[in-house]
There are 2 protein chains.
Amino acid sequence: MFKIELDGTASIHDQICSEISRLISVGVLAPDEKLPAVRETAKALGVNPNTVQKAYAALEKNGLIYSVPAKGSYVAPGGMAAEAVKKEASEALRTAMEKAALTGVSRETAEEIMNDIWGKKG
Amino acid sequence: MFKIELDGTASIHDQICSEISRLISVGVLAPDEKLPAVRETAKALGVNPNTVQKAYAALEKNGLIYSVPAKGSYVAPGGMAAEAVKKEASEALRTAMEKAALTGVSRETAEEIMNDIWGKKG
DNA sequence: CAACTGTATTATCCGGAGTAATACAGTTGT
DNA sequence: ACAACTGTATTACTCCGGATAATACAGTTG
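All of these numbers come straight from a predicted model, not from anything done at the bench.

Analysis parameters
- Residues numbered from 1 in each chain as written.
- Chains lettered and ligands numbered in written order.
- Predicted model: local features only at pLDDT ≥ 70, side-chain atom pairs only at ≥ 80, totals over all residues.
- Heavy atoms only, no water.
- Near = heavy atom within 4 Å.
- Polar contact = N/O pair within 3.5 Å; in protein donor to acceptor, adjacent residues only side chain to side chain.
- Helix = DSSP H or I, 4+ residues; strand = E, 2+ residues; numbered from the N terminus.
- Nonpolar A, V, L, I, M, F, W, Y, C, P; charged D, E, K, R; others polar.
- Axes fitted to C-alpha atoms, helices over the stretch in contact; angles between N-to-C directions.
- Parallel < 35°, antiparallel > 145°, perpendicular 65-115°, else oblique.
- Left-handed = near helix turned anticlockwise from the far one by under 90°.
- Contact = heavy atoms within 4.5 Å.
- Expected span 1.5 Å × (residues − 1).
- Phe/Tyr/Trp six-rings, centres within 6.5 Å; stacked < 30°, edge-to-face > 60°.
- Buried < 20%, exposed > 50% of the residue type's maximum accessible area, 1.4 Å probe, protein only.
- Buried area = accessible area lost by both parts, 1.4 Å probe.
- Salt bridge = Lys/Arg side-chain N within 4 Å of Asp/Glu carboxyl O.

**Observations regarding the protein's contact with DNA strand D**
Move 1: In the neighbourhood of DNA strand D, 23 residues make up the surrounding shell, with Ala70 of chain A together with Ile12, His13, Asn50 and Thr51 of chain B lying closest.
Move 2: Of what DNA strand D places within 4 Å of the protein, 60% of the atoms are sugar or phosphate.
Move 3: Here a phosphate oxygen of DNA strand D and a backbone polar atom of Val38 of chain A are 3.1 Å apart.
Move 4: One nitrogen or oxygen atom from the main chain of Asn48 of chain B is found 3.2 Å from a phosphate oxygen belonging to DNA strand D.
Move 5: Of all the secondary structure elements, the ones that give two or more residues to the surface near DNA strand D are helix 2 (38-45), helix 3 (49-61), strand 1 (65-68) and strand 2 (72-75) of chain A together with helix 1 (12-26) and helix 3 (49-61) of chain B.
Move 6: The greatest single-element share of the surface near DNA strand D, amounting to three residues, is contributed by helix 3 of chain A.
Move 7: Residue composition of the surface near DNA strand D, grouped by class: eight nonpolar, 10 polar and five charged.

If you want it as structure tokens, here you go:
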């Protein structure tokens, strides 16, 4: 069972989405692996089941998981999920970069930050 | 007078903040230049004066502008404002990159996006 | 003095977030 | 067959932040 710390300013179901997305992309949650039940997750997180359901529904809408009534929710098969997550993350990164560029942040500055995070190239 | 399109999902005063920040960093709003009055901006944007005031207050808190009661609000002097904006934007970019890295986005992918936005290096 | 400035206060409305309590239909293990 | 689980759906309620609205005050400016 995964753990999530509800810290941020974002809504709880958004945070659940993000964390599960991350776990999928990193591989902690494998393709076709069964996710904890809605009620179980809710209990583990000390959160209302409806909130978790909202998160799962959003994940399914984005193609990260698929749900089978009366059976469970599963990570999308064949690496589709991981790809979807990275695609989402890439788009978010693009948006952030566009915004930064709009406010005058230079490419050099962006590269420096990149080196801090991914390690210097070469 | 500047224009702002209230599109995003963010709150109005946040959008006003962002747009004024951008205009400052780019140089459209020069240091010590007087900003439009709260009521004037509100009217131009079709928005409540209180909302604009909230935006101006936040901008002042972040050191981007300074307000003189009964006189007006002005862009912070000596390029301080532009620097503050770029610093903020850089931090936001760093946060976005960290999140992307966490979800498995590779440096190569990030570089590609960077090339799209800032132009290819070299 | 009139018209403007930023600032402050209070009240109200609306929508989303979150909670709560159910209910239903289908699966699964015993 | 039955109990216990699954996802899904519905309805109602509370709470809080965003936004609006209507003022009021004090100080500046022409």
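**With respect to the protein's contact with DNA strand C**
Move 1: Near DNA strand C, the surroundings consist of 23 residues, among which Ile12, His13, Asn50 and Lys71 of chain A together with Ala70 of chain B are the closest.
Move 2: Atoms of DNA strand C within 4 Å of the protein: sugar and phosphate make up 64%, bases the balance.
Move 3: Contact distances for DNA strand C include 3.4 Å between a base nitrogen and a side-chain N or O atom of Arg39 of chain A.
Move 4: In this structure, Val38 of chain B approaches DNA strand C through a main-chain N or O atom, which is 3.1 Å from a phosphate oxygen.

**Some points on the packing of helix 1 (residues 12-26) of chain A against helix 4 (residues 80-102) of chain A**
Two numbers describe a pair of packed helices, the interaxial angle and the distance between the axes.
All names here are of chain A.
Move 1: The contact between helix 1 and helix 4 brings their axes to 8 Å, and the two run at 120 degrees. When the interaxial angle is binned, helix 1 and helix 4 end up oblique. Note on packing geometry: the crossing formed by helix 1 with helix 4 is left-handed. Contacts between helix 1 and helix 4 involve Ser21, Ile24 and Ser25 from the first element and Ala81, Ala82, Val85 and Lys86 from the second.
Move 2: Tallied by class, residues from the contact of helix 1 with helix 4 come to four nonpolar, two polar and one charged.

**A look at helix 1 of chain B**
Residues and elements named next belong to chain B.
Move 1: Here helix 1 is 15 residues long and its end C-alpha atoms lie 21 Å apart, about the 21 Å a rise of 1.5 Å per residue gives.
Move 2: Lining the buried residues of helix 1 we find helix 2 (38-45), helix 3, strand 1 (65-68), strand 2 (72-75) and helix 4 (80-102).
Move 3: Phi turns positive one or two residues past the end of helix 1, at Gly27, with a value near 105 degrees.

**Looking at the packing of aromatic side chains**
All names here are of chain A.
Move 1: Counted under the stated rule, the structure contains two aromatic pairs over all chains.
Move 2: Ring geometry for Tyr66 and Tyr74: centres 5.5 Å apart, planes at 25 degrees, overall stacked.
Move 3: On the basis of relative accessibility, which here comes to 15%, the residue Tyr74 falls in the buried class.

**A few points about the interface of chain A and chain B**
Move 1: Each partner contributes residues to the interface: chain A has 32 residues there, and chain B has 32 residues.
Move 2: For the pair chain A and chain B, the two sides together bury roughly 3000 Å², of which 70% comes from carbon and sulfur.
Move 3: Among the residues chain A hides against chain B, the three largest losses belong to Met97, Arg107 and Trp118 of chain A. Together they make up 23% of the total.
Move 4: Where chain A meets chain B, there are two salt bridges.
Move 5: Run the count over chain A and chain B and you get 10 residue pairs in polar contact (both at pLDDT 80 or more).
Move 6: For the side of chain A that touches chain B, the secondary structure elements donating two or more residues are helix 1, helix 4 and helix 5 (107-118) of chain A.

All quantities given are derived from atomic positions and should not be read as evidence of function.
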